[in-house]
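# A closer look at the structure
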Amino acid sequence: MKSWWESLNTREHLLLSAVILVVALVLLDSLILDQYRQRNQQLDDMLVQAREDLTWMKQAVQRLPAQGAAPVKRIAAGRVASFIDQQISRQGLKDKMLQMTPVQDHSVRLRLQEVKFDQLLNFFASIEDQVFITEVRILPADNPGFVNASLMVSNGGSVS
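How each quantity is defined
- Residues numbered from 1 in each chain as written.
- Predicted model: local features only at pLDDT ≥ 70, side-chain atom pairs only at ≥ 80, totals over all residues.
- Heavy atoms only, no water.
- Helix = DSSP H or I, 4+ residues; strand = E, 2+ residues; numbered from the N terminus.
- Buried < 20%, exposed > 50% of the residue type's maximum accessible area, 1.4 Å probe, protein only.
- Contact = heavy atoms within 4.5 Å.
- Areas by Shrake-Rupley, 256 points an atom, 1.4 Å probe, with all protein chains shown as cover.

Moving on, we get to the overall build of the protein chain. Across its full length, the protein chain carries 4 helices and 4 strands. Scanning the protein chain from its N terminus toward the C terminus, one meets helices and strands in the order α-α-α-β-β-α-β-β. Counting all 160 residues of the protein chain, 19% fall into the buried class. Nonlocal contacts in the protein chain, meaning residues at least 24 apart in sequence, comprise 56% of its contacts between residues at least 6 apart. Carbon and sulfur atoms form 57% of the exposed surface of the protein chain, whose accessible area is close to 11,700 Å².

What follows concerns unusual backbone geometry. Phi at Glu114 is positive, roughly 55 degrees, even though this residue is not glycine. By the secondary structure assignment, Glu114 is in strand E2 (residues 107–116).

And the structure:
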């Protein structure tokens, strides 16, 4: 190979070096930089979507009823499960409820699946003056605008 290279004249050396440089740049671009650009575009798209979701959620929170200074009427111990079941039925979420587990006599753990986010907010608004939501986890479902929710609802009684 060395003898072949030495047999080429200076013009052929420059031409061959330029071709090798161009091929190296094309390979660098197609194998490394293109993947970097694609990942960067995906992250930009995810960021735009997250900002849109945040704006939508802020608007949804503003649509919730304002909390007034009215006296709060809490549910008595033992009635939390029946109250939550009643509110779920009124909000049309009975078929979305996966599980409702009473915890002692003052709390209920509730799991809802594939619920419209607006319906979930309405459910929260319907129970806000009667019980405390002590834990909540809301995750996006497969369909846009739908969520899976897990929450703990309590009448404010102490845990023994």
